[in-house]
Amino acid sequence: MSSDVIISVFVTGIALMTPVLWAALGEAITERAGILNIGIEGVMLGGALTCAWCIRSGAGITAGLLLSIPVGAAIGAILSYLWVTRGADQIVSGIIFNLLALGVTTLLFEEYLKGVGVVTSLDKIAIPGLSDIPWLGEILFTQNITVYLALVAAVVVFLLLHRTWFSLYLRSAGEKPRATETAGLSVPRLRYASVIIGCALMCFGGASLVASTSGGFVTNVTAGQGFVALAIVVLGRWNPFLIIGGAVLFGVTQALQFQAQSLGFLSALPAEAWLALPYVVTIVAVVVAKSSRYPNACGVPFVPAGATR
């Protein structure tokens, strides 16, 4: 491949990895507290529909991105009630939530958003000085605002999970919730906070997916990216910086389909193969990577002492 093709693949790949990165960062926070959120796909769909709705109504992309945060927090509060307060099975209810979100967003799309709307997307922002760096500048420093915010968010989440008092409390709630309770901390409150924060990030990721493309919504626009985020969290071992690497791997392999005609004999591959490639690569990466251990209490409902359900 020529250097122009390589640069083009990475430029597109970095943009495509952003929604998955946002979702994976949110899931890392959630799982650290002991909650396994299988419903990432549904949360992202909620953010995507919110952003598309704001764009269609004339409120604009910025409003759509900002509104997705409280929408995600509201979804997180509902899921927290199911998983923390009611003790519902996190895997089964997460799958059901994904199906419900797919049905609801499809219904709202067909009823209110179907048809040709305003085609718009976020503009790219070239960072002065940095964008002039050969290769790296064009790839990393000429992206839209959600890419830059995602990288900043990764740093913030790393500090949140590894360098603060909250991280100690959160990780204890995911590893030894009974000991956490004995120490005088509220495990339910910690888990509520983690799910609400995590879903806000996931929902913003869904909104960034719409804001970075055409500004429109289509049925199942996330196309399994929520499940990819689940895999990337395991691949990155709950470390936000390693999670970035997993997200880049997914984004770059997804971007290859747009340069298929420049890949020599590989250009003969059918379109379906290129569409499946990023998911296959993600699965293979998780399989061959060093095994990761989930937090001990992840996915296990916690009943506070003296409480009944």
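Our subject is the structure that appears above.
We now turn to the structure provided with this report.

Thresholds applied
Going along each chain's sequence as written, the residues are numbered from 1 onward. Restriction of local features to residues with pLDDT of at least 70 applies here, the model being predicted, together with a cutoff of 80 or more for giving and counting side-chain atom pairs; totals for whole chains, interfaces and linings are based on all residues. To get the side-chain values, all heavy atoms of the structure are used, and hydrogens and water are removed first. Here a helix means four or more residues in a row that DSSP labels H or I, a strand means two or more in a row labelled E, and each is numbered from the N terminus. Here's how the labels work: a residue is buried when its accessible area is under 20% of the maximum for its type, exposed when over 50%, partly exposed in between, all with a 1.4 Å probe on protein chains only. Residue burial considers only the protein chains on display, and all accessible areas are found by Shrake-Rupley using a 1.4 Å probe. His residues and chain termini do not enter the charge count, which takes Lys and Arg as positive and Asp and Glu as negative. Every charge is mapped to an atom, namely NZ of Lys, CZ of Arg, CG of Asp or CD of Glu. Each axis is a line fitted through C-alpha atoms, taken for helices only over the stretch in contact, and angles between the N-to-C directions span 0 to 180 degrees. For any pair of crossing helices, the crossing counts as left-handed if the nearer helix is rotated counterclockwise from the farther one by less than a right angle, and right-handed if it is rotated clockwise. For this analysis, residues touch if any pair of their heavy atoms sits within 4.5 Å. For this analysis, a nonpolar core means a set of buried residues of the types Ala, Val, Leu, Ile, Met, Phe, Trp, Tyr and Cys, connected via side-chain atoms within 4.5 Å. What makes a salt bridge here is a side-chain nitrogen of Lys or Arg within 4 Å of a carboxyl oxygen of Asp or Glu, nothing more. Centres within 6.5 Å are what make two rings of Phe, Tyr or Trp a pair, Trp counting through its six-membered ring; a difference in plane orientation under 30 degrees is then read as stacked, over 60 as edge-to-face, and the rest as tilted. For this scheme, ten residues count as nonpolar: Ala, Val, Leu, Ile, Met, Phe, Trp, Tyr, Cys and Pro. Four count as charged, namely Asp, Glu, Lys and Arg, and the remainder, Gly too, count as polar. For patches, a residue must show more than 30% relative accessible area and have no salt bridge; joins then use 9 Å for like charges and 5 Å for nonpolar side chains, namely Val, Leu, Ile, Met, Phe, Trp and Tyr. Arc definition: directions from the helix axis to the C-beta atoms. Expected span of a helix, by definition, is 1.5 Å for each gap between consecutive residues, and there is one gap fewer than residues. The quantity called bend is, for any residue, the angle between two axes fitted respectively to the seven residues ending at it and the seven beginning at it.

## Here's the deal with the overall build of the protein chain
Okay, step 1: A count of helices and strands for the protein chain gives 12 helices and two strands.
Okay, step 2: For the protein chain, the sequential pattern of α-helices and β-strands runs α-α-α-α-β-α-β-α-α-α-α-α-α-α.
Okay, step 3: Once the C-alpha set of the protein chain is aligned to its principal axes, its extents read approximately 65 × 45 × 40 Å.
Okay, step 4: Scored against the burial criterion, the 309 residues of the protein chain give a buried share of 48%.
Okay, step 5: About 14,000 Å² of surface is accessible on the protein chain, with carbon and sulfur atoms providing 69% of the total.
Okay, step 6: Side chains of the protein chain give 15 positive and 13 negative charges; the mean places of these two sets differ by 16 Å.

## Topic: the packing of helix 2 (residues 40-57) against helix 3 (residues 61-85)
Okay, step 1: Running from amino to carboxyl end, helix 2 crosses helix 3 at an angle of 145°, the nearest separation of the two axes being 8 Å. When you trace helix 2 past helix 3, the crossing you get is right-handed. Contact with helix 2, carried on its side by Val43, Gly47, Thr50, Cys51, Cys54 and Ile55, involves Ile61, Ala63, Gly64, Leu65, Leu67, Ser68, Val71, Ile75 and Leu79 of helix 3 and no other residues of that element.

## Focus on the nonpolar core
Okay, step 1: Of all hydrophobic cores here, the largest spans 79 residues; its most connected members are Leu21, Val43, Leu79, Phe217 and Ile232.
Okay, step 2: At 15 residues, helix 1 (residues 3-32) tops the list of elements feeding residues into this core.
Okay, step 3: Here Leu21 is in contact with Ala150, Ile243, Ile244 and Ala247, once residues within four sequence places are set aside.

## Describing the pattern of salt bridges
Okay, step 1: Under the criterion given, the structure shown has two salt bridges.
Okay, step 2: Put simply, Glu175 and Arg293 hold a salt bridge, and the shortest N to O gap is 3.3 Å. With Glu175 in helix 7 (residues 165-175) and Arg293 in the segment after helix 12 (271-288), this residue pair connects regions lying 118 residues apart in the sequence.
Okay, step 3: Here Glu181 and Arg178 are joined by a salt bridge, their closest N and O atoms 2.9 Å apart. Taken together, the residues Glu181 and Arg178, both in helix 8 (residues 177-182) and three residues apart, mark about one turn of the helix.
Okay, step 4: Residue classification places Glu181 among the partly exposed residues on the basis of a relative accessible area of 23%.

## Brief notes about the packing of aromatic side chains
Okay, step 1: Throughout the structure, instances matching the rule amount to eight aromatic pairs.
Okay, step 2: With centroids separated by 5.9 Å and ring planes inclined at 85°, the aromatic side chains of Trp165 and Phe166 adopt a geometry described as edge-to-face.
Okay, step 3: Overall, Trp165 belongs to the exposed group, its relative accessible area being 57%.
Okay, step 4: Accessibility expressed as a relative area gives 13% for Phe166, which makes it buried.
Okay, step 5: An aromatic cluster is defined as three or more aromatic residues linked by ring pairs; in this entry it consists of Trp165, Phe166 and Tyr169.

## Quick look at the packing of helix 3 against helix 4 (residues 90-113)
Okay, step 1: Closest axis-to-axis distance for the helix 3/helix 4 pair is 10 Å, and the angle between their directions is 145°. For the pair helix 3 and helix 4, the crossing hand works out as right-handed. Residues Ile75, Leu79 and Trp83 of helix 3 pack against Gln90, Ser93, Gly94 and Phe97 of helix 4.
Okay, step 2: Grouping the amino acids of the contact of helix 3 with helix 4 by side-chain chemistry returns four nonpolar, three polar and no charged.

## A closer look at a nonpolar patch on the surface
Okay, step 1: Judged by side-chain polarity, Val280, Ile283, Val284, Val287 and Val288 come together as a nonpolar surface patch covering roughly 490 Å² of accessible area.
Okay, step 2: Tracing the backbone shows Val284 in helix 12.
Okay, step 3: A residue is classified by how much of its surface remains accessible, and Val284, at 44% relative accessible area, is partly exposed.

## Some details on unusual backbone geometry
Where the residue is not glycine, phi is negative for most of them; where a peptide bond is considered, it is trans in most cases.
Okay, step 1: Although it is not a glycine, Arg237 adopts a positive phi angle of roughly 55°.
Okay, step 2: Tracing the backbone shows Arg237 in the loop between helix 10 (225-235) and helix 11 (240-255).
Okay, step 3: Positive phi outside glycine occurs at Trp238, with the angle close to 65°.
Okay, step 4: Among the structural elements, Trp238 can be located in the loop between helix 10 and helix 11.
Okay, step 5: Owing to a relative accessible area of 3%, Trp238 belongs among the buried residues under this scheme.

## Focus: helix 7
Okay, step 1: Looking at helix 7, one finds that the buried residues are Phe166, Ser167, Leu170, Ala173 and Gly174. Within helix 7, the buried residues cover an arc of 130° as seen down the axis, which keeps them to one side. Away from the buried face of helix 7 by more than 90 degrees, exposed residues Trp165 and Leu168 are located.

## Side note on helix 3
Residues separated by three or four positions in an α-helix point in the same direction, a consequence of the helix having 3.6 residues per turn.
Okay, step 1: Spanning 25 residues, helix 3 covers 35 Å between terminal C-alpha atoms, matching the ideal 36 Å at 1.5 Å per step.
Okay, step 2: Bending of helix 3 peaks at approximately 25° at the position of Leu79.
Okay, step 3: Listed as buried for helix 3 are Ile61, Gly64, Leu65, Ser68, Gly72, Ile75, Gly76, Leu79, Ser80, Trp83 and Val84.
Okay, step 4: Residues of helix 3 that are buried sit in contact with helix 2, helix 4, helix 6 (145-162) and helix 9 (187-211).

Everything listed here is a matter of geometry and, on its own, says nothing about what the molecule does.
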